[in-house]
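# Examination of the molecular architecture
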Amino acid sequence: MSTVPIRLGFDSYTIRAFHWKAIQLLDYAAGLKLDTIQLSGLEDYESFQPDYLARVKDHAAKVGIAIDGGMGCICPLSASWNPKDGDPKGNILRGLRIAKAVGASSMRCYMGSAKDRRGQYPLEALIESTAALFRSVRSEALDLGVRIALENHAGDMQAHEVRTIIEESGQDAVGACLDTGNPMWVVEDPLVTLEVLAPYVVTSHVRDSVVYEHPRGAAAQWTALGDGCIDFHKFMNRYRELCPKAAMQLEIITGRPPQVLPYLEPDFWKAFPKANASEFARFVALARSGHPFTGFMVIEDGTTETPPEFTAALREQQRLDLERSLEYAKKSLGVGVRWRG
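Attention here is on the structure that accompanies the text. (Residues numbered from 1 in each chain as written. Predicted model: local features only at pLDDT ≥ 70, side-chain atom pairs only at ≥ 80, totals over all residues. Heavy atoms only, no water.)

## Regarding the packing of helix H7 (residues 190-197) against helix H8 (residues 232-242)
- Where H7 meets H8, the closest approach of the two axes is 11 Å, and the angle between their N-to-C directions is 5 degrees. In this view, H7 runs roughly parallel relative to H8, as classed from their interaxial angle. Taken together, the residues of H8 that come into contact with H7 (itself represented by Pro-190, Leu-191, Leu-194 and Glu-195) are Lys-234, Phe-235, Arg-238, Tyr-239 and Leu-242. (Axes fitted to C-alpha atoms, helices over the stretch in contact; angles between N-to-C directions. Helix = DSSP H or I, 4+ residues; strand = E, 2+ residues; numbered from the N terminus. Parallel < 35°, antiparallel > 145°, perpendicular 65-115°, else oblique. Contact = heavy atoms within 4.5 Å.)

## A word on the side chain of Ser-78
- For Ser-78, the position within the fold is in the loop between strand E3 (66-73) and helix H3 (88-101).
- A polar side-chain atom of Ser-78 sits 2.9 Å from the main-chain amide nitrogen of Ser-80.
- Only 2.8 Å separates the side chain of Ser-78 from the side chain of Asp-116, close enough to count as a polar contact.
- Those residues within four positions of Ser-78 in sequence are excluded, and the remaining contacts are Cys-73, Met-111, Gly-112, Ser-113, Asp-116 and Leu-126. (Polar contact = N/O pair within 3.5 Å; in protein donor to acceptor, adjacent residues only side chain to side chain.)

## Let's talk about the pairing of E3
- Most of E3 sits inside the fold, with 6 of its 8 residues counted as buried.
- Relative to E3, strand E2 (residues 36-38) is paired through 3 bridges, and the arrangement is parallel. Looking at the pairing, Ile-37 lines up with Ile-67 of E3.
- In this fold, E2 hands off to helix H2 (residues 50-63), which returns the chain to E3; that crossover is right-handed.
- Direction of pairing for E3 relative to strand E4 (residues 106-110): parallel, over a ladder of 3 bridges. In the strand pairing of E4, Cys-73 is matched with Tyr-110. (Buried < 20%, exposed > 50% of the residue type's maximum accessible area, 1.4 Å probe, protein only. Pairing = 2+ DSSP bridges. Right-handed = clockwise from strand over helix to strand, strands pointing away.)

## Description of the sheet that holds E3
- Spatial ordering of the open sheet is given by E7-E6-E5-E4-E3-E2-E1-E10, a layout of 8 strands whose pairing is parallel. Of all strands in the sheet, those with a lone pairing partner are strand E7 (201-205) and strand E10 (248-250), marking the two edges. Neighbour-to-neighbour, the strand axes of this sheet turn through a mean angle of 30 degrees, independent of strand direction.

This is how it looks when you write it as structure tokens:
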């Protein structure tokens, strides 16, 4: 196994049911002997006041955890955009300044979601809007020393579409937050996503998935690391080769049911008019070699009201699935620097 050291951490969304804020999250990461954490949403902070953000930065240094910053949707044309966020430029500048204040050198954000592939506006319009927004804050991002990390998020874009935005925005100010679970929803093998985005990757969301054949095409479901069909030994060899400076931030999302990807139905392809046939063939091969998840899992999504007993079980599932995924990353993949010492 390669000895290239990859820093290990997790994305705060993984344990969202705990409703912990930044300092609690930093202490938890330190207790697990991790190297990094991604505070991926502005809701991770108790306040945006300078004295509080300085305290978060100082606490991170004290416990030895490096922070990757983050925020949510930044594209005003997306169905995911929250009008309460106000002016798009002012919104993203706020995220960049908060990231700088807590000592982060990158800030994760995303364009939209799968709804945007069949939404009010053509996807190309969202891509152009996002690139224009990034160009409008390029000088400020460079001055702050915080690189925007655009995520391939929840079915909004295939890797080549993310790459287009980065290249049109200026890759000195914009890079990628590589997500290995979201490629499922755009029928893309995560290894393809890595190979396309590797030159731009500054941070990540890493999790496993099962994907397997279905009468309508394929079905997929997210799992803890090591429970899925993705060959992470092969993936990590390429990760070390292609983007060794980017932290491996686990974003483990379990508790969601399988989702059907009906690519055998003509209507499916209306959302993917520019899909690459050779890349899709790699996804088909992945599905043919895959299998359903046969373990136990409390399902979170799909209920209108979650009983208190389920809430407690889901919270514990989030913690356990993250911690055993971290152990898999350390012991099976050789990822992480601090735990070795």
